[in-house]
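Next come the chains, spelled out residue by residue.
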Amino acid sequence: MARLRKAARVWGNPKAREIGERVLFAPEGDVFTIDPPAMFGRRAPIEIEIGAGKGEFIIERAAEFPDRNFIAVELSATITRVLAVRCGRAGLDNLRVVRMDARTLVNLMLPDASVSAFHIYYPDPWPKERHIKHRLFTPTLAASLFRTVEPGAIAYVATDVRDYAGEIFPMMTAAGFIRAVEAAPGAERTGFARKYVAAGKPVFSASFRRPGESKNS
């Protein structure tokens, strides 16, 4: 409830809302499509963070790599509004926010071999048996991640739940990815990660590369 009130206050401020709407991608017409070059007005390597939260990591990442385009994905309208305002205030031309189900985005909307990196940090583990159907990671999603990344590109994953990591990581390799040596850059830099690390909780992270030579290397 406190989060809802905060989002309402933020979005109810006309100036803040205007700032957020500059980076919040909304559909035009009857069909929602994702066309990154049109979103940014240029062609550049694309990195996507699924479940970007309040944007702590992706804002830092977009500022660090101005030659790349970044898309922050969130499903919750409440979180998306706060995220959009924070991203808008960062004043970065290479950062956009999209509100939608990440499974729809990855499974249906992204072209083949179009993404340079996925960042997926601390997805909800839905630990109860009756809620497993809500989990983000499935063999279908892993296959779609593989399809949509360029050859040589990487999907970075982190979770604080050992058992969930034990399911996700084999799922990614079964989809065709190979384990990479690169550390997941957001594993300790998201809002959730900083809380976990500060509390001394273990973090389970891995990087998965699609075989082949990257055209951006």
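A quick note: this is a predicted structure, and the numbers were derived from the prediction, not measured. Numbers given to residues run from 1 along each chain, matching the order in which its sequence is written. Owing to the predicted nature of the model, reporting of local features is limited to residues with pLDDT of at least 70; listing and counting of side-chain atom pairs is limited to 80 or more, with chain, interface and lining totals taken over all residues. Side-chain metrics rest on all non-hydrogen atoms present in the structure, leaving aside hydrogens and water.

*Asks:* Honestly, the overall build of the protein in this entry has me stumped. Any pointers?
*Replies:* Runs of E in the DSSP output that reach at least two residues are strands. Runs of H or I that reach at least four are helices, and both are numbered from the N terminus. Broken down by element type, the protein carries 9 helices and 8 strands. By residue count, 47% of the 217 residues in the protein fall in the buried class. Taking as baseline every contact in the protein between residues at least 6 positions apart, the subset at least 24 positions apart corresponds to 78%. Surface accessibility of the protein: about 11200 Å² in total, with carbon and sulfur atoms responsible for 53%. When a residue's accessible area, from a 1.4 Å probe over protein chains only, is under 20% of the maximum for its type it is buried; when over 50% it is exposed; and in between it is partly exposed. The contact criterion used throughout is that any non-hydrogen atoms of two residues lie within 4.5 Å. All accessibility values rest on the Shrake-Rupley procedure with a 1.4 Å probe; residue burial counts only the protein chains present in the view.

*Asks:* What should I look at first to understand the sheet that holds strand 8 (residues 204-209) in this one?
*Replies:* Taken in spatial order, the 8 strands make up an open sheet running 1-4-3-2-5-6-8-7, and their pairing is mixed. Each having just a single partner strand, strand 1 (24-25) and strand 7 (178-180) make up the two edges of the open sheet. Two strands pair when backbone bridges link them, and strand 1 and strand 4 (residues 95-99) are joined in this way by 2 bridges, in the parallel orientation. Bridging across to strand 4, Leu24 finds its partner in Val97. Each of strand 2 (46-50), strand 3 (69-74), strand 4 and strand 5 (115-121) is contacted by helix 4 (residues 56-64), which is oriented at about 170 degrees to strand 3, the strand it contacts most. Between the N-to-C directions of two axes lies an angle of 0 to 180 degrees, each axis being a line fitted to C-alpha atoms and, for a helix, fitted only over the stretch in contact. Contacts from helix 8 (residues 162-174) reach strand 6 (149-159), strand 7 and strand 8 within the one sheet, and its direction differs from that of strand 8 by about 5 degrees. A strand pair is defined by DSSP finding two or more bridges across the two strands.

*Asks:* So what exactly am I meant to see when it comes to helix 6 (residues 102-109) here?
*Replies:* Side chains of residues three or four places apart in an α-helix project in the same direction, reflecting 3.6 residues per turn. Along helix 6, the positions that sit buried rather than exposed are Ala102, Leu105 and Val106. Seen from one end, helix 6 has its buried residues packed into an arc of 85 degrees, which puts them on one side. Where helix 6 is buried, its residues meet strand 2, strand 3, strand 5 and helix 7 (139-148). The distance from a side-chain oxygen at the start of helix 6 to the backbone nitrogen of Arg103 is 2.8 Å, and the residue carrying that oxygen is Asp101. The directions from the helix axis to the C-beta atoms are what the arc is built from. We define a polar contact as two N or O atoms separated by no more than 3.5 Å, with the added condition that, inside protein, one atom must be a possible hydrogen donor and the other a possible acceptor, whereas residues neighbouring each other in sequence contribute only through side-chain atom pairs.

*Asks:* What is the right way to look at the environment of Ala175 in this model?
*Replies:* Along the chain, Ala175 falls in the loop between helix 8 and strand 7. You can call Ala175 partly exposed: its relative accessible area is 22%. Considering only alpha carbons, one finds Ala175 and Arg147, 28 residues apart in sequence, at a separation of 9.2 Å.

*Asks:* Please explain the side chain of Arg61 as it appears in this structure.
*Replies:* Secondary-structure assignment places Arg61 in helix 4. By relative accessible area, which is 9% here, Arg61 ends up buried. At 3.0 Å, the side chain of Arg61 forms a polar contact with the side chain of Glu47. Among all residues touching Arg61, those that are not within four sequence positions of it are Glu47, Arg68, Phe70, His119, Pro185 and Arg189.

*Asks:* How should I be thinking about the environment of Ile168 in this particular structure?
*Replies:* By secondary structure assignment, the location of Ile168 is in helix 8. When near neighbours in sequence (up to four residues on either side) are disregarded, Ile168 contacts Phe137 and Val157.

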